[in-house]
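One letter stands for each residue in the lines below.
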Amino acid sequence: MKPMHKLLTAAALSLGLAGAAAAQDPVKVGFVYVGPIGDGGWTYEHNKGRLAVEEHFGDAVETVYQESVPEGADAERVLTQMALSGADLIFTTSFGYMDATVNVAKKFPDVKFEHATGYKRADNVSTYSARFYEGRAIQGHIAGKLTETNKIGYIGSFPIPEVVRGINASFLHARKANPEVEFSIVWAYTWFDPAKEADAAQALIEQGADVIMQHTDSTAPLAAAEKAGGVIGFGQASDMAEYKPEPRVSSIIDNWAPYYIDRVQAVIDGTWESQDVWHGIDEGMVEIGEITDAVPAEVREEALALKESIASGAYHPFTGPINKQDGSVWLAEGETADDGTLLGMDFYVEGITGDLPK
Amino acid sequence: MDLSAINPLVLVASLMVAATPILLAAIGELVVEKAGVLNLGVEGMMITGAICGFATAVETGSPLLGFLAAFAGGAALSLVFGVLTQVFLSNQVATGLALTLFGLGLSSLMGQGYTGIKPPPTARIEIPVLADLPVVGRILFQHDWVVYASLLLVAGVWAFLRYTRAGLVLRAVGESHDAAHALGYKVVRIRILAILFGGACAGLGGAYISLVRVPQWTDGMTSGAGWIALAIVVFASWKAPRVLLGAYLFGGVAVLQLNLQAAGIAIPVEYLSMAPYLITILVLVIMSADRSRAALNAPASLGRSFHASS
């Protein structure tokens, strides 16, 4: 049923775009979203970035977007439509759009593409991502300190490097804060499916997890935590402030606005070049949402200190000694992970149980 | 393999919650099919009920009013189907499919502006004394009222079809609408009433997803529950108690696969994720293997249009 509905919206959108193209001149910026703009998480923040672009440039820029675009063949069609309708710059905001972006970019050498969280680039394809793992390390620390059952539930979306990195970063720091901590990981195989995310959170809570971490985009796991009571969680991608002060005790906020404004400016100035950007807490692309009073003051201080040291570059969340899950050495004492390994991370660190799905 | 982490009591309690939406939709569809009408629009009616219930609950702050609105919304949408198929004699399969498409689109339109909002919580009823019983208390007596209502509804439908005169008439209409008509029963009116009941139940099931189980609104959030409800009616060979069994079986497998994952069982996740659907297919295959019995149980006039002059 859904593809049909998508098809119609795509058709309606393209008609609308064709009409607008006659006006000419303003730089046209397209955004492709994996979820609805009201998801309260990942897509919500990207859309906030889009609105910031509109506000910053006013009439000089026109933005278009399409929400809930499935990863895969559908994305390629949507991208082609956007490029055909005269977009100058297109942001594709999910990992699964990687091949679609590269394919469409080949066909439209004059259109600039920016792909979030991927690793394939071309002359007209940039990639950008945020070092979410820095925020995950801080969440891991809080989770390790706060858990009473020593069991932390983690809802993963897809077993891709970005998500695996988040699991490893939070696990390492949860273990550092509390050596007894165990992780239970459930793969939802979706970025956005509130019913499934709620069920997954429920299953984890039933098995004794009293901290739920999520790498999916809806607020449903927090709702499940609230319903269960005595369970804490974190805002993912967005502040998810409506669940403050509990169950949401802190959050990772992705702040894309400055980057989007920057890149649109580059297109206007004609200075846009393909690049690879990976910003973290330091540059402000990753923000840590308010740590609420549900967290003891002492733990909050530690978390903020950790944030400071990561931001200043004094501490890298992946600093050795760290072994891989099979016991082999990954990082020696004092060694820090290089970006290449992090970007392609396809293994759990030592101590996490269960196999990483391939 | 460590199964000790899975607490069977909690598992049963949560499968009841997971199964309630499909149970409600399936018991409604059972009555519709018993009256000889095949309404494939269950998914569309569920999702419409989900948004009607959600929007009303958010605006009024009362989950009860939300469920009433879902009841009315599902029934209203099914009336479209009823009028088309019973009065204008359109094809039931095509109309039912259209109803699903229409319901998905309509709910998406109505849901604009309701994403990311929290609905008011639905009260949990802990029946005094009984809720504290050791095993049974946890499983049976600590749910929200909709779970109890769904169980009462199954019992009610069962008793209605089996013991009441009205139930007998409804079944007669489903078995042979010409004979029922010859005896003076208003076939079209009875069928439309059955369709309304089915729509209202599907609406309730949808609202249970958006108000209790998730609780949140998103486009297409019923994600196929209506189709499973349809399958469960066949699985149950049109018998109310077996609908309960079928819904709980499906709910159970769905919950169990997440619990197995969380317990770190070394079965590839992909197999676990498809397990509920595989089991549904498997059961349907087994059911239909015994042709004579399956055919005996299906209402004889199922899916056939009735026109008084023919």
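All values derive from a computational prediction rather than experimental measurement.

Calculation criteria
Residues numbered from 1 in each chain as written. Chains lettered and ligands numbered in written order. Predicted model: local features only at pLDDT ≥ 70, side-chain atom pairs only at ≥ 80, totals over all residues. Heavy atoms only, no water. 1 Å grid on protein atoms, 1.4 Å probe; cavity = no way out; pocket = protein on both sides within 12 Å on 5 of 7 lines; lining within 4 Å. Points joined across faces, edges and corners; volume = space filled by probe spheres on them. Helix = DSSP H or I, 4+ residues; strand = E, 2+ residues; numbered from the N terminus. Nonpolar A, V, L, I, M, F, W, Y, C, P; charged D, E, K, R; others polar. Contact = heavy atoms within 4.5 Å. Buried area = accessible area lost by both parts, 1.4 Å probe. Salt bridge = Lys/Arg side-chain N within 4 Å of Asp/Glu carboxyl O. Polar contact = N/O pair within 3.5 Å; in protein donor to acceptor, adjacent residues only side chain to side chain. Phe/Tyr/Trp six-rings, centres within 6.5 Å; stacked < 30°, edge-to-face > 60°. Lys NZ or Arg CZ within 6 Å of the ring centre and 35° of its normal. Axes fitted to C-alpha atoms, helices over the stretch in contact; angles between N-to-C directions. Parallel < 35°, antiparallel > 145°, perpendicular 65-115°, else oblique. Left-handed = near helix turned anticlockwise from the far one by under 90°. Domains from an automatic or database assignment.

### Let's talk about empty space enclosed by the protein
Empty space left among the atoms is revealed by rolling a probe the size of a water molecule over them. Summed over all chains, the structure comprises six cavities of 30 Å³ or more. Taken as a whole, the largest cavity holds about 110 Å³ of empty space. At the level of secondary structure, the elements contributing two or more residues to the lining of the largest cavity comprise α10 (225–235), α11 (240–262) and α12 (269–289) of chain B. Residues of the lining of the largest cavity, tallied by class, amount to eight nonpolar, two polar and no charged. Along its surface, the second largest cavity is lined by Phe95, Thr117, Gly118, Tyr119, Ser129, Pro161, Glu162, Arg165 and Leu343 of chain A. Broken down by class, the residue content of the lining of the second largest cavity amounts to four nonpolar, three polar and two charged.

### A word on the interface of chain A and chain B
The interface of chain A with chain B comprises 29 residues on the first partner and 26 residues on the second. Taken together, the two surfaces of chain A and chain B that pack against each other cover about 2600 Å², and 54% of this comes from carbon and sulfur. The salt bridge involving Glu226 of chain A is made with Lys118 of chain B; its shortest N-O contact spans 3.5 Å. At the junction of chain A with chain B, the criterion picks out nine residue pairs in polar contact (both at pLDDT 80 or more). Secondary structure elements with two or more residues in the side of chain A that touches chain B: α1 (2–21), β7 (182–187), α7 (194–206) and α8 (220–228) of chain A. The biggest single contributor to the side of chain A that touches chain B is α7 of chain A, with eight residues. By residue class, the composition of the side of chain A that touches chain B is 16 nonpolar, six polar and seven charged.

### A few points about the packing of aromatic side chains
Inspection of the entire model under this criterion finds 26 aromatic pairs over all chains. Members of the aromatic cluster, connected to one another through ring pairs, are Phe31, Tyr33, Trp42, Tyr65, Phe91, Tyr128, Phe132, Trp256, Tyr259 and Tyr260 of chain A. Over the ring of Phe347 of chain A we find Lys324 of chain A; its NZ or CZ atom is 4.5 Å from the centre of that ring. Sitting over the face of the ring of Tyr243 of chain A, Lys118 of chain B holds its NZ or CZ atom 4.5 Å from the ring centroid.

### A short note on the packing of α7 of chain A against α8 of chain A
Residues and elements named next belong to chain A. Where α7 contacts α8, the axes come no closer than 8 Å and their chain directions differ by 40 degrees. Between α7 and α8, the angle is such that the two are oblique. You can see that α7 and α8 cross each other, and the crossing is right-handed. Taking contact as the criterion, the partners of Pro194, Glu197, Ala198, Ala201, Gln202 and Ile205 in α7 are, on α8, Ala220, Pro221, Ala224, Ala225 and Ala228. Residues of the contact of α7 with α8, tallied by class, amount to nine nonpolar, one polar and one charged.

### A few points about the domain arrangement of chain A
All names here are of chain A. Along its sequence, chain A is organised into domain 1 (2–130) and domain 2 (132–254 + 286–343). Put simply, the middle of domain 1 and the middle of domain 2, counted by C-alpha atoms, are 30 Å apart. The partner domain 2 presents 17 residues to the 14 residues of domain 1 that form the contact. Summing both partners gives a buried area of about 1300 Å² for domain 1 against domain 2, and 63% of it is carried by carbon and sulfur. Together, Trp42, Glu45 and Ala130 form the three largest contributors to the area buried by domain 1 at its contact with domain 2, with a combined 40%. The interface formed by domain 1 and domain 2 includes zero salt bridges. Where domain 1 touches domain 2, the interface holds three residue pairs in polar contact (both at pLDDT 80 or more). Of all the elements in the fold, those that place two or more residues in the side of domain 1 that touches domain 2 are α2 (42–57) and β5 (125–130). By residue class, the composition of the side of domain 1 that touches domain 2 is six nonpolar, five polar and three charged.

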